[in-house]
Amino acid sequence: MKGLENIQKTNTKQQFSQNSTTLTTEEISLLFTKAVQFQQSGQLKEAEALYKNILSFNQDIAEVHCNLGSVQEILEDSLKSYERALSIKPDYADAHINKGNILTDLGRLDEAIISYKIALEIHPQYAEAKCNLGVALLSMRRLDEALNCFKDALADKPDYRLAANNYLHTFLYLQDVSNDELFNVCQKIAKNSKPKINLNSLAIACPKQKDRIRIGYISSDFQKHPVGYNILPILSNHDRQRYEIFCYAELSKADCLTSEFQELADHWRVINNRTDSEVAETMRSDGIHIAVFLGGHFDENRPEIANYNAAPVNVAMHGGTTTALDSMDYWLSDGVLHPKEEKDKSERFTETIWRLPNFYNFTIPNDAPDVSPLPASKNGYVTFVSFNKPCKINDDVLDLWSGVLHAVPKSKLILKFRNHLANADLADPIRTRFRTNGITDDRIELINSLDDFNEHLANYHRGDIALDTFPFSGATTTFQALWMGLPVVSLYGNRFISRMGASISQHLGLIEHLTTTPENYINICTKLAQDLDHLRNLRLNLRNRISNSQLCNGPTYAQNFENALQAMWKNRNKAKD
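Residues numbered from 1 in each chain as written. Predicted model: local features only at pLDDT ≥ 70, side-chain atom pairs only at ≥ 80, totals over all residues. Heavy atoms only, no water.

Q: Give a detailed account of the overall build of the protein, specifying residues and quantitative values.
A: Secondary structure summary: the protein contains 22 helices and 13 strands in total. Relative to a compact globule of 577 residues, whose C-alpha radius of gyration would be 25 Å, the protein shows 25 Å and is just as compact. With the principal axes as the frame, the protein shows a C-alpha extent of 75 × 65 × 40 Å. The 577 residues of the protein split such that 58% are buried. Long-range pairs, those at least 24 residues apart, make up 69% of the contacts in the protein with a sequence separation of at least 6. (Helix = DSSP H or I, 4+ residues; strand = E, 2+ residues; numbered from the N terminus. Rg over C-alpha atoms; globule rule 2.2 N^0.38 Å. Buried < 20%, exposed > 50% of the residue type's maximum accessible area, 1.4 Å probe, protein only. Contact = heavy atoms within 4.5 Å.)

Below, the structure written as structure tokens:
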């Protein structure tokens, strides 16, 4: 699923209650079973054709309409299929859940929550419905309710990996969670995922290096996703004389970027519906030397596979916090995300930190709109913007931004995340918080639109300065704002997840836009707003500055990454000797 991808589709059903007057029930059942097999193997077009074929004989089979909706590419078509299924079978919990999923994708979160709650009225112990409800509530900034949903889902289904992932990463958004509390949650999830079998019964992965080092990438993000875009430069620039690339993909839906990853990989493995132990066995059979687990506990990623002797060296990358797994050897970072010399060393982790010269790397957008003139020059006032997820915008963030608006007279603030702010239950509390802080409605604009990439970036034409969130800072959002010529003011925190925006800005030499205190955050914004000549100069030169930086140097980044893996492999062999 797009957006907050961590949504569980209900399982396809292989039984249905209606009989056809044209084909026998047995004949339809055979067609239906074949369609389900296509669907589960990722052959969605073939599955869609078979479901439509069945419906050409009988339009009144709710299960076929429901499964058709789950393979249709156009969201509105899927929604119609689920609504048709429910018109036939109103108490069909799966159809209510899948309808909620599509409404979530469409940004109609209020309606999605209603659909999930109806499913739970029908089936109170439906863990998938509770998990998906939690995702919608998280998107609505109702974090405590979301946590309860994920917790309840795990009570019903203790081995529910997606609910566990969602439960853990929701803590990253909470404003008052200490590093100790966060580590304890990570340890709890890690403990629950420990193998129930005797690992001594598994073959120990210790393949000899003959010609090339075999790297295994494990991810649910081989698609149009921030992690996918960040690792694409590595796979595109790998030295194929020295490295053999395996990709282990846990994907709910493929896209054009997935095809690019498939072409870049020497070996492509789909791991959907396979246990951690089974995937690890495949990796051992493939002779993987170094396993790189992408995305941590976000979405449907599976770092726990490392528990099953998947590879001699296991590396975590692009997770928001520690995996807390004894089997995970390294956590890739950089000197800003994890400074060697820092006063506050309260962040806790079980891995060894390995610092790259710079952690983030981005492909230069080819289809981005041109940078616009500075809006303040024409408007006569400064416009701040933030296009981060609403769940990152907690009350402390709103209070600090209110302080910025008070400190900069006549200034305005534009917020946007897809069309989510069209939901009254999301937008109203945000406006109310600003009003409570003395900020009138005319100074706040909430944009509600589902845009393509070009249109989304064009919204930055209206902003002069971008504001970062905390404790969960922006990474891709920070890069996009900078690419469109806006400086990003970041509050530098005491853990990886609160330093992502700072890492990107600092590697561009923009350290003056970073601070550790709310007071200085306001001062930086005020100083920038008072110097329009400086803002105009930044706007004119930032894109060129980024293009020539290490943030967009794919070949060098891939070489730095490979050097790190070579050193890890060397360290492992030294330890073995």
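Moving on, there is more to tell.
Q: Mind laying out the sheet that holds strand 4 (residues 290-294), listing which residues take part and the relevant values?
A: What the seven strands build is an open sheet, ordered 3-2-1-4-5-6-7; its pairing is parallel. A strand with exactly one partner marks an edge of an open sheet, and here the two such strands are strand 3 (267-270) and strand 7 (352-356). With strand direction ignored, the average angle separating the axes of adjacent strands in the sheet is 25°. Two elements, strand 1 (residues 213-219) and strand 2 (residues 243-249), share seven bridges in a ladder whose sense is parallel. The residue bridging Ile 215 from the neighbouring strand is Ile 245, located in strand 2. (Pairing = 2+ DSSP bridges. Axes fitted to C-alpha atoms, helices over the stretch in contact; angles between N-to-C directions.)

Q: Could you give an account of the packing of helix 15 (residues 395-407) against helix 20 (residues 518-529), naming the residues involved and the relevant values?
A: Contact geometry for helix 15 and helix 20: axes closest at 9 Å, N-to-C directions at 40°. When the axis of helix 15 is compared with that of helix 20, the two are oblique. Note that helix 15 runs across helix 20; the crossing there is right-handed. Across the interface between the two elements, Leu 400, Trp 401, Gly 403, Val 404 and Ala 407 of helix 15 pack against Pro 518, Tyr 521, Ile 522, Cys 525 and Thr 526 of helix 20. (Parallel < 35°, antiparallel > 145°, perpendicular 65-115°, else oblique. Left-handed = near helix turned anticlockwise from the far one by under 90°.)

Q: An account of the sheet that holds strand 12 (residues 488-491) is needed here, citing residue identities and associated values.
A: The parallel open sheet is built from six strands, whose spatial order is 10-9-8-11-12-13. Looking at strand neighbours, the two that pair on one side only are strand 10 (444-447) and strand 13 (514-515), the edges of this open sheet. In the sheet, strand 8 (residues 383-386) pairs with strand 11 (residues 465-467) via two bridges, with the strands oriented parallel. By the bridge assignment, Val 385 is partnered in strand 11 with Ala 466. Against the sheet, helix 15 engages strand 8, strand 9 (412-416), strand 10 and strand 11, with an angle of about 145° to strand 9. Here helix 16 (residues 424-436) sits on the sheet and contacts strand 9 and strand 10; the angle it forms with strand 10, its principal contact strand, is near 165°.

Q: Account for the packing of aromatic side chains, naming residues and giving values.
A: Going through the model one piece at a time under the given rule, you end up with 17 aromatic pairs. Note on Trp 331 and Phe 349: the rings are 5.9 Å apart at their centroids and 80° apart in plane angle, and the pair reads as edge-to-face. Note that Trp 331 is positioned in strand 6 (residues 330-334) and Phe 349 in the loop between strand 6 and strand 7, a separation of 18 residues in sequence. Between Phe 359 and Tyr 360, the aromatic rings sit 4.9 Å apart at their centres with planes inclined by 80°, giving edge-to-face as the arrangement. (Phe/Tyr/Trp six-rings, centres within 6.5 Å; stacked < 30°, edge-to-face > 60°.)

Q: Quick rundown of the environment of Asn 571? Include the residues and the values.
A: With respect to the secondary-structure elements, Asn 571 resides in helix 22 (residues 554-576). Residues Asn 571 and Asp 468, spaced 103 residues apart in sequence, show a C-alpha to C-alpha distance of 38 Å. The residues touching Asn 571, leaving out its near neighbours within four places in the chain, are Tyr 330 and Trp 354.

Q: Describe the environment of Leu 398, and please don't skip the residues or the numbers.
A: Here Leu 398 shows up in helix 15. Note on Leu 398: relative accessible area 0%, which makes it buried. When the C-alpha atoms of Leu 398 and Arg 433 are compared, they prove to be 7.0 Å apart, with 35 residues separating the residues in sequence.

Q: Outline the pairing of strand 2, listing residues and values.
A: Of all seven residues making up strand 2, seven are buried, and the element is well covered by its neighbours. Side chains Tyr 243, Ile 245, Cys 247 and Ala 249 project from strand 2 onto one buried face, and the interleaved Glu 244, Phe 246 and Tyr 248 project onto a second face that is buried too. Remark: the strand 1/helix 11 (residues 226-237)/strand 2 crossover connection has right-handed handedness. Looking at chain direction, strand 2 and strand 3 are connected through four bridges and run parallel. In the sheet register, Ala 249 faces strand 3, and the bridge partner there is Val 270. Running through helix 12 (residues 256-264), the crossover from strand 2 to the neighbouring parallel element strand 3 is right-handed. (Right-handed = clockwise from strand over helix to strand, strands pointing away.)

Q: How would you explain helix 4 (residues 75-88) if you had to name every residue and give the values?
A: A rise of 1.5 Å per residue sets the reference length of helix 4, with its 14 residues, at 20 Å; its end C-alpha atoms lie 20 Å apart and thus fit the reference within 8%. Of the surrounding elements, those touching the buried residues of helix 4 are helix 3 (62-71) and helix 5 (93-105). (Expected span 1.5 Å × (residues − 1).)

Q: Run through the nonpolar core, naming residues and quoting values.
A: Counting 173 residues, the largest nonpolar core has Tyr 217, Tyr 360, Phe 384, Trp 401 and Phe 434 as its most contacted members. Top element by residues in this core is helix 7 (residues 127-139). It accounts for eight residues. Apart from the residues lying within four places of it in its own chain, the contact partners of Trp 401 are Ser 386, Ile 393, Leu 413, Leu 415, Phe 434, Leu 467, Asp 468, Thr 469 and Tyr 521. Leu 23, Leu 55, Ile 61 and Leu 68 belong to the second-largest nonpolar core, a separate cluster that totals 15 residues. (Core = buried A, V, L, I, M, F, W, Y, C linked by side-chain atoms within 4.5 Å.)

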